[in-house]
Amino acid sequence: MTKVSASTMTNFVPEYGVLSIPYLFRDKAHYFKVLEGQIGKEILNKGADYWLKGLCFFDAGSRSFYTKKKPVYKPEDLKSLKIRVMNDQTMMKMVKALGGSPTPMSFGELYTALQQGVVDGAENNAPSLVSSRHFEICKYYTLDAHSYVPDLLIASTQFLDNLNQEEKKWLQNAVRIAANAQKKFWKDSEKESFKILRKEGVQIIVPDKLLFIEKTKEVINSFSDPAKKSLIKRIKSVH
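Predicted model, so just to flag it, every value in this text is computed and none were measured. (Residues numbered from 1 in each chain as written. Predicted model: local features only at pLDDT ≥ 70, side-chain atom pairs only at ≥ 80, totals over all residues. Heavy atoms only, no water.)

For the chain, the helix and strand inventory stands at twelve helices and nine strands. Relative to a compact globule of 239 residues, whose C-alpha radius of gyration would be 18 Å, the chain shows 18 Å and is just as compact. Oriented by its inertia axes, the alpha-carbon framework of the chain measures out at about 55 × 40 × 30 Å. In the chain, which comprises 239 residues, the proportion classed as buried is 51%. Once local pairs closer than 6 in sequence are excluded, the contacts in the chain between residues at least 24 apart make up 76%. Taken as a whole, the chain presents about 12,200 Å² of accessible surface, with 53% of it coming from carbon and sulfur. (Helix = DSSP H or I, 4+ residues; strand = E, 2+ residues; numbered from the N terminus. Rg over C-alpha atoms; globule rule 2.2 N^0.38 Å. Buried < 20%, exposed > 50% of the residue type's maximum accessible area, 1.4 Å probe, protein only. Contact = heavy atoms within 4.5 Å. Areas by Shrake-Rupley, 256 points an atom, 1.4 Å probe, with all protein chains shown as cover.)

Further remarks concern the nonpolar core. Of all hydrophobic cores here, the largest spans 29 residues; its most connected members are Tyr16, Leu19, Phe25, Phe57, Leu152 and Ile235. Contributions of two or more residues to this core are made by helix 1 (6–9), helix 2 (15–18), helix 3 (28–35), helix 4 (38–46), strand 8 (151–156) and helix 12 (226–236). Among the elements that make up this core, the one with the highest residue count is helix 3 (four residues). Once you skip the residues sitting within four places of it in the chain, leucine 152 turns out to touch Thr2, Lys3, Val4, Ser5, Ala6, Met9, Tyr16, Leu44, Gly54, Cys56, Phe57 and Phe58. By size, the runner-up hydrophobic cluster in this structure holds 17 residues, among which are Val119, Ala122, Tyr141 and Val202. (Core = buried A, V, L, I, M, F, W, Y, C linked by side-chain atoms within 4.5 Å.)

Counting through the fold element by element, threonine 103 comes out in strand 5 (residues 101–104). Within the structure, the side chain of threonine 103 is placed 3.3 Å from the backbone oxygen of serine 101, a separation counted as a polar contact. (Polar contact = N/O pair within 3.5 Å; in protein donor to acceptor, adjacent residues only side chain to side chain.)

Another point: the packing of aromatic side chains. Remark: the centre distance and the inter-plane angle together describe each pair of aromatic rings, the angle taken between the planes. All told, the structure shown has eight aromatic pairs when counted by the stated rule. Each ring, one from phenylalanine 25 and one from tyrosine 148, has its centre 6.3 Å from the other, and the planes form 90°; the classification is edge-to-face. Pair noted here: phenylalanine 25 is in the loop between helix 2 and helix 3 and tyrosine 148 is in the loop between strand 7 (140–147) and strand 8, with a separation of 123 residues, a long-range link. Taking relative accessible area as the criterion, tyrosine 148 reaches 9% and is therefore assigned buried. An angle of 65° between the planes, with centres 6.3 Å apart, marks the rings of tyrosine 66 and tyrosine 141 as edge-to-face. (Phe/Tyr/Trp six-rings, centres within 6.5 Å; stacked < 30°, edge-to-face > 60°.)

In space, the six strands of this open sheet follow the order 5-4-6-3-7-9, with mixed pairing throughout. Where the open sheet ends on each side, the last strands, each with one partner, are strand 5 and strand 9 (203–205). The average undirected angle you get between the axes of adjacent strands in this sheet is 30°. Bridging between strand 3 (residues 63–67) and strand 7 involves four bridges; their strand directions are antiparallel. Pairing of tyrosine 66 across the sheet is with tyrosine 141, part of strand 7. (Pairing = 2+ DSSP bridges. Axes fitted to C-alpha atoms, helices over the stretch in contact; angles between N-to-C directions.)

Taken as a whole, helix 5 (residues 89–97) has its buried residues at Thr90, Met91, Met92, Met94, Val95 and Ala97. If you check the start of helix 5, you find a side-chain oxygen 2.9 Å away from the backbone N of threonine 90, and it comes from aspartate 88.

See below:
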């Protein structure tokens with residue numbers, strides 16, 4: 001068993017890739033309603049075909065831009081900026097649509113890359129911005145919340161198949177408790193992270209999200225696969 005990002009699981013289950021679509025989730029409430037409902041269960045189960053069954057989703061917050069040279073108030077401010085992204089096609093398309101230059105690289109290399117000017121910024125959640133100490137270099141954090149890419153707990157189907165019915169119930173119960181507890185821990189971590197960022201002189205910017213949403217519509221339109229288009233439609237219709 002292990003915890004991984006939904007982005008990592010895209011290599012096995014394409015449906016996980018849909019979750020990283022920019023501005024797919026309206027807010028945190030919509031995000032949890034989808035992940036903890038029927039759609040979330042279906043996606044978690046799809047990994048079983050590759051012997052990696054999802055047990056539950058964990059909150060990994062929303063990802064937003066942080067920059068070194070200048071603040072980002074609107075998409076035009078990203079023009080020509082080199083923004084580090086995960087090696088994820090959707091994330092690269094998003095940065096490109098907003099006018100930036102997507103630069104995929106490993107998270108471990110990012111501090112030095114920011115220091116040396118290899119990239120001008122990156123995007124991530126507040127706890128990651130704090131734990132990585134990227135705030136020492138990037139003093140502008142724009143809360144556009146472009147994507148909510150969850151983490152998930154996965155287990156090998158071989159391990160699960162060896163459990164008896166009682167053990168499976170114990171595991172399901174433990175997973176439920178863990179998912180609920182993690183929500184609270186994450187919320188506390190975010191709150192503490194923003195305190196630290198403000199204390200360290202990071203400018204927190206709340207932009208007009210509609211400007212960013214408008215610019216990235218082409219990313220959703222680039223999903224031509226009927227199954228993915230159907231999934232996007234279902235997610236958007238959850239209220």
